[in-house]
Amino acid sequence: MRARVRTMAVGILAAAFLAGCSTGSPERDVEAASPGFVEMLRVTSSYSYIPYADPKAMLDGVDVAFVGTVQNLSTAVVADELDGQGALLVGLKPAELWKGTPETKDGLVYISLPRPKNVDLSTYEAAVPIGTEFVVFGLDHPPSTRFATGDPGVTAYVPEPQGLYVADPPSKLINVWADDVTSSEWANIDSVDDLRAAVLQR
């Protein structure tokens, strides 16, 4: 894995932020996450990493890449030397597969996101409605997904720091942890269509 992650605990902060398969281009009817959801992920988790030069390089560097819509949320605790980091498990119904064949359970691909252990599931459920669209460039990284509790029973993929996007309907796409990467190779990627074209161009 190319990054180190730091997760900080939040309490009132979380409530404040969160109140308020093909490779083509299918028609999408998607929901919008709360404006505070992305901001909370940014505030509660930080990464140190080397940016990919361009979207195709990121595609080459991951195990799976796909577009999917949120169908299920659950919490878990990672079994690690830090006495267990919290995780948010997001079950996504894949709509487009850009790389690999991710493992599924009941038709869903699971990803694991850092979660402060004092932020409970209801906070995320209020912020991320069913149907929210994600684009994920993910890794199979067992040290980050060996769960002490809440194991989904299938591989949970860990997004690259540059590789987690949340759709903001009708057409905007938000990079959760790498919105400050502004090199020309990453310019003008503002929608799923833009990202698809950059990643899959021959």
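A brief structural summary. (Residues numbered from 1 in each chain as written. Predicted model: local features only at pLDDT ≥ 70, side-chain atom pairs only at ≥ 80, totals over all residues. Heavy atoms only, no water.)

### Digging into the nonpolar core
And step 1. Counting 27 residues, the largest nonpolar core has F37, V90, L92, I111, L113, F134 and L164 as its most contacted members.
And step 2. For this core, the secondary-structure elements that each account for two or more residues are α2 (35-44), β3 (64-78), β4 (85-99), β5 (109-114), α4 (121-127), β6 (133-139) and β8 (156-168).
And step 3. When residues no more than four places from it in sequence are discounted, the contact partners of V90 are V70, N72, L73, V109, Y110, I111, L113 and F134.
And step 4. The next biggest cluster of nonpolar side chains, apart from the first, holds 21 residues, and it includes L59, A167, V181 and V192. (Core = buried A, V, L, I, M, F, W, Y, C linked by side-chain atoms within 4.5 Å. Buried < 20%, exposed > 50% of the residue type's maximum accessible area, 1.4 Å probe, protein only. Helix = DSSP H or I, 4+ residues; strand = E, 2+ residues; numbered from the N terminus. Contact = heavy atoms within 4.5 Å.)

### Some thoughts on the side chain of E96
And step 1. Mapped onto the fold, E96 is located in strand β4.
And step 2. What makes E96 buried here is its relative accessible area of 0%.

### Quick word on helix α5 (residues 192-200)
Residues separated by three or four positions in an α-helix point in the same direction, a consequence of the helix having 3.6 residues per turn.
And step 1. Buried within α5 are the following residues: V192, L195, R196, A198 and V199. Relative to the axis of α5, the buried residues are bounded by an arc of 165 degrees and lie together on one face.
And step 2. Tucked inside the fold, the buried residues of α5 contact α3 (55-61), β3, β4, β6, β8 and β9 (172-175). (Arc of directions from axis to C-beta.)

### Looking at the pattern of salt bridges
And step 1. Here the structure, examined in full by the defined rule, presents 3 salt bridges.
And step 2. Where E39 meets R42, a salt bridge forms, and the shortest distance between an N and an O atom there is 4.0 Å. Taken together, the residues span about one helical turn, with E39 and R42 both in helix α2 at a distance of 3 residues.
And step 3. Residue classification places R42 among the partly exposed residues on the basis of a relative accessible area of 26%.
And step 4. Residues R196 and D193 are paired through a salt bridge, measuring 2.8 Å at the closest nitrogen-oxygen approach. Taken as a pair, R196 and D193 lie in helix α5 at a separation of 3 residues, close to a single helical turn.
And step 5. On the basis of relative accessible area, D193 is assigned to the partly exposed category, the value being 38%.
And step 6. A single salt-bridge network, built from bridges that share partners, covers E96, D193 and R196. (Salt bridge = Lys/Arg side-chain N within 4 Å of Asp/Glu carboxyl O.)

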